[in-house]
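This is what each chain is made of:
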Amino acid sequence: MIKSFLLLLLSACLLCGQTKMSPEREAAIKADLAGRIDRMAKQSQVMVDSVFSFAELGFQEFETSKYLTAILEKEGFKIERGIAGIPTAWMATWGSGKPVIALGSDIDCIPQASQKPGVAYRVPMLDGAPGHGEGHNSGMPMNIVAALAVKEIMEREKLPGTIKLWPGVGEEQLGTKAYYVRAGVFKDVDAVLFAHVSSDFNVSAGPGGQNGMVSVEYQFKGESAHAAGAPWRGRSALDAVELMNVGWNFRREHLRLAQRSHYVITNGGDQPNVVPQNASVWYFFREADYEHVMDLWKIGDQMAQGAALMTNTTFTSRVLGTAWAGHFSQPIAEAMHANIKKVGYPAWSETDKNFAVALQKELKVPVTGLNDQITELRLPAARLPGDREIGPTGGGSDDIGDISWNVPTVTLRYPANIQAGPGHSWANAIAMATPIAHQGVVAGAKAQAMTLLDLITKPELVTAAWDYFKNVQTKDTKYQTFLRPDDQPALWLNKKIMDEYRPRMKETYYNPDKFGTYLEQLGIAYPTVRK
Ligand SMILES: [Zn+2]
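Residues numbered from 1 in each chain as written. Predicted model: local features only at pLDDT ≥ 70, side-chain atom pairs only at ≥ 80, totals over all residues. Heavy atoms only, no water.

J.: What is the right way to read the sheet that holds strand β5 (residues 191-198) from this model?
T.: Strand pairing in a sheet takes place through backbone hydrogen bonds and is either antiparallel or parallel in direction. Taken in spatial order, the 6 strands line up as β1-β2-β4-β3-β5-β12 in an open sheet, and their pairing is mixed. Looking at the sheet topology across the chains shown, the edges are occupied by β1 (78-81) and β12 (409-415). Averaged over all pairs of adjacent strands, the angle between their axes in this sheet comes to 20 degrees, without regard to strand direction. With 4 bridges joining them, β1 and strand β2 (residues 90-96) adopt antiparallel strand pairing. Following the sheet pairing, glutamate 80 is matched in β2 by methionine 91. Each of β3 (100-106), β4 (161-168), β5 and β12 is contacted by helix α13 (residues 435-457), which is oriented at about 150 degrees to β12, the strand it contacts most. (Pairing = 2+ DSSP bridges. Helix = DSSP H or I, 4+ residues; strand = E, 2+ residues; numbered from the N terminus. Axes fitted to C-alpha atoms, helices over the stretch in contact; angles between N-to-C directions. Contact = heavy atoms within 4.5 Å.)

J.: I tried to follow the nonpolar core on my own but got confused; where do I start?
T.: Nonpolar side chains tend to gather and get buried jointly when the protein is soluble and globular. Core analysis: the biggest nonpolar cluster contains 146 residues, and Leu165 and Phe220 have the highest contact counts within it. Residue contributions to this core peak at 13 residues, all from α13. Residues in contact with leucine 165, not counting those within four places in the same chain, are Leu72, Phe77, Trp90, Met91, Ala92, Leu103, Met140, Asn143, Ile144 and Ala147. Grouped together as the second largest cluster of nonpolar side chains are 8 residues, Ala55, Leu57, Cys109 and Ala129 included. (Core = buried A, V, L, I, M, F, W, Y, C linked by side-chain atoms within 4.5 Å. Buried < 20%, exposed > 50% of the residue type's maximum accessible area, 1.4 Å probe, protein only.)

J.: Just checking my understanding: could you explain the pairing of β5 for this structure?
T.: If a strand is regular, its side chains alternate between the two faces of the sheet. The buried count for β5 comes to 8 of 8 residues, which makes it a mostly enclosed element. Burial of the side chains of β5 extends over both faces: Ala191, Leu193, Ala195 and Val197 are buried on one face and Val192, Phe194, His196 and Ser198 on the other. In the sheet, β3 pairs with β5 via 4 bridges, with the strands oriented parallel. Bridge assignment links leucine 103 to a residue of β5, and that residue is leucine 193. Inspection of the sheet shows β5 paired to β12 by 7 bridges, in the parallel sense. Across the sheet, residue serine 198 finds its bridge partner in β12, namely proline 415.

J.: Whenever I open this one, the packing of helix α7 (residues 237-251) against helix α8 (residues 290-311) confuses me. Can you help?
T.: Axes are the key here: two packed helices are described by the angle between their axes and the distance separating the axes. In the contact formed by α7 and α8, the axes pass within 8 Å of each other and the chain directions differ by 135 degrees. As summarised for this structure, α7 and α8 are arranged oblique, according to the angle between their axes. The hand of the α7/α8 crossing is right-handed. Residues Asp239, Ala240, Leu243, Met244, Gly247, Trp248 and Arg251 of α7 pack against Leu296, Ile299, Gly300, Met303, Ala304, Ala307, Met310 and Thr311 of α8. (Parallel < 35°, antiparallel > 145°, perpendicular 65-115°, else oblique. Left-handed = near helix turned anticlockwise from the far one by under 90°.)

J.: Can you help me understand the packing of aromatic side chains in this one?
T.: The geometry of two aromatic rings is summed up by the distance between their centres and the angle between their planes. Applying the stated criterion across every chain yields a total of 23 aromatic pairs. A centroid spacing of 4.9 Å and a plane angle of 75 degrees characterise the contact between phenylalanine 54 and tyrosine 509, whose relative ring orientation is edge-to-face. Of the two residues, phenylalanine 54 is situated in helix α3 (residues 41-54) and tyrosine 509 in the loop between α15 (495-506) and α16 (518-522); the sequence distance between them amounts to 455 residues. Residue tyrosine 509 is classed as buried on the basis of its relative accessible area of 14%. (Phe/Tyr/Trp six-rings, centres within 6.5 Å; stacked < 30°, edge-to-face > 60°.)

J.: Help me out: how do you make sense of the sheet that holds strand β7 (residues 212-221) in this one?
T.: Strand order in the open sheet formed by 4 strands is β8-β9-β7-β10, and the pairing between neighbours is antiparallel. Two strands in the sheet have a free side with no partner beyond their single neighbour: β8 (260-267) and β10 (314-323). Across the sheet, the mean angle from the axis of one strand to that of its neighbour is 20 degrees, orientation sign disregarded. Sheet topology note: the β8/strand β9 (residues 278-287) ladder contains 7 bridges and is antiparallel. Of the residues in β9, the one forming a bridge with arginine 260 is arginine 286. Along the sheet face, α7 touches β7, β8 and β9 and points at about 20 degrees away from the line of β9. Each of β7, β9 and β10 touches α8; the most contacted strand, β7, lies at about 10 degrees to it.

J.: Honestly, helix α14 (residues 459-473) in this entry has me stumped. Any pointers?
T.: Given 3.6 residues per helical turn, the α-helix brings residues three or four places apart onto the same face. Under the 1.5 Å per step criterion, the end-to-end length of α14 is 20 Å for 15 residues, consistent within 8% with the ideal 21 Å. Listed in full, the buried residues belonging to α14 are Leu461, Val462, Ala465, Tyr468, Phe469 and Gln473. Down the axis of α14, the sector holding all buried residues measures 120 degrees, keeping them to one side. Of the residues in α14, the exposed ones pointing more than 90 degrees away from the buried face are Thr463 and Lys470. Elements that come into contact with the buried residues of α14 comprise β6 (206-207), β11 (327-328), α9 (330-343), α12 (400-404) and α13. (Expected span 1.5 Å × (residues − 1). Arc of directions from axis to C-beta.)

J.: Looking at this structure, how should I read α3?
T.: Between the first and last C-alpha of α3 there are 20 Å, a value that for 14 residues agrees with the 20 Å anticipated at 1.5 Å per step. With respect to burial, α3 is a largely interior element, 11 of its 14 residues being buried. In this structure, the buried side of α3 is in contact with α4 (62-74), α5 (139-157), α13, α15 and α16. With its phi angle positive at about 40 degrees, alanine 55 sits one or two positions after the end of α3.

Okay, structure coming up:
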């Protein structure tokens, strides 16, 4: 018994000896990886431009998913479609054995953000249509390039390990990643390398500084009546929506600074002379952590009850999205940061810089051009004195948070956009099918690929990541989903909008067989700036 245990130990050590490589060998392989990725720049540009031209809203990413999975399938990845019951979600898998590393990024776009790329002022491609006003067209192309380069090295070096790729579907709704977790999609995964477009090139460790969130739609029900002939017989569901909003806006003053809450009226009735029997309002409730998000949600429910009482209406509610505030793995972030330093920013051309300056002038924001300085790794922030009283001051959310509380995760922020736009805007789309995005994606892919290689060749990094996850990150905080057992992904969202615009958008899908770039296809001189 003891003898066989010793034998096992010995063979395990032999194995780790096999995969361990010298610093010189590692540097050579990473240089090889970078060279491979440079040679994939064309393939990368075609993917970035194609997904930009598809511009699909959350849960409706059908063209994008069909396109990306076809590429991966051709490269030998096995595709599982419709994961977690979400038609546009998928998991692509290649390789075998441990470790299992999963690369993800979001693929959906922003309503009414349609914008001609390469033009430094507002010109929609198609007025009112959705567009990549956050740059989510670049993340999966970046991951695919990184994965394909590492796959070649793994084949050549006969390295064991499994690479997975998956898209963030409906991220603008924070709509799917908690469902991926609930469906067990990351059960066998050792680490997640997530990526998000940015104007910076960095990664952070510890709490991401974002908020957690639940998004809830309240649907009120009243009585219809002739609004002039017999208004006393009506009970207006729209009145309830308005009173709920008034109540919420008064309460807002007495909430913590961390909270961010916002709403849109998704149904305000049909026409003024019919008392609305149905009306609904969709809220985002954001706060720093699970407990505070739950508190905010409870206050929202109370407002809805109050509004229903005042108007003699009733209401139901449904969850449309959720997100935990992210927490990122320090050991993996340190490894990735070292790789980011190795790669450095793209060598921006004068044309790229002029384009960035023109947009910054157009938007009247500080004229800083394009970023080119690597900053220090942001480590888990030390609590500031007075923090306890004021609490965190809040921000946006990303449902990568849910995954980060289940598997050691980092988010690579790669420099494929201009620091200028307000986010979720046409202004954040204009660089996303230009050389800025193309070069930023190549740089990002190198850092992502090198970190993927680190995780595959250094079992001690995976061990350190799990040690941090178990003994630091989740020591006092345990993940519990915001989802109630009956909650289901909001698959119907954005269908109507895409049905309206997609036929016309198809006319301007990128055709890489005929045109070198999307800018060329659109006949746009780069950069087009105001005279
Ligand atoms: Zn995003």
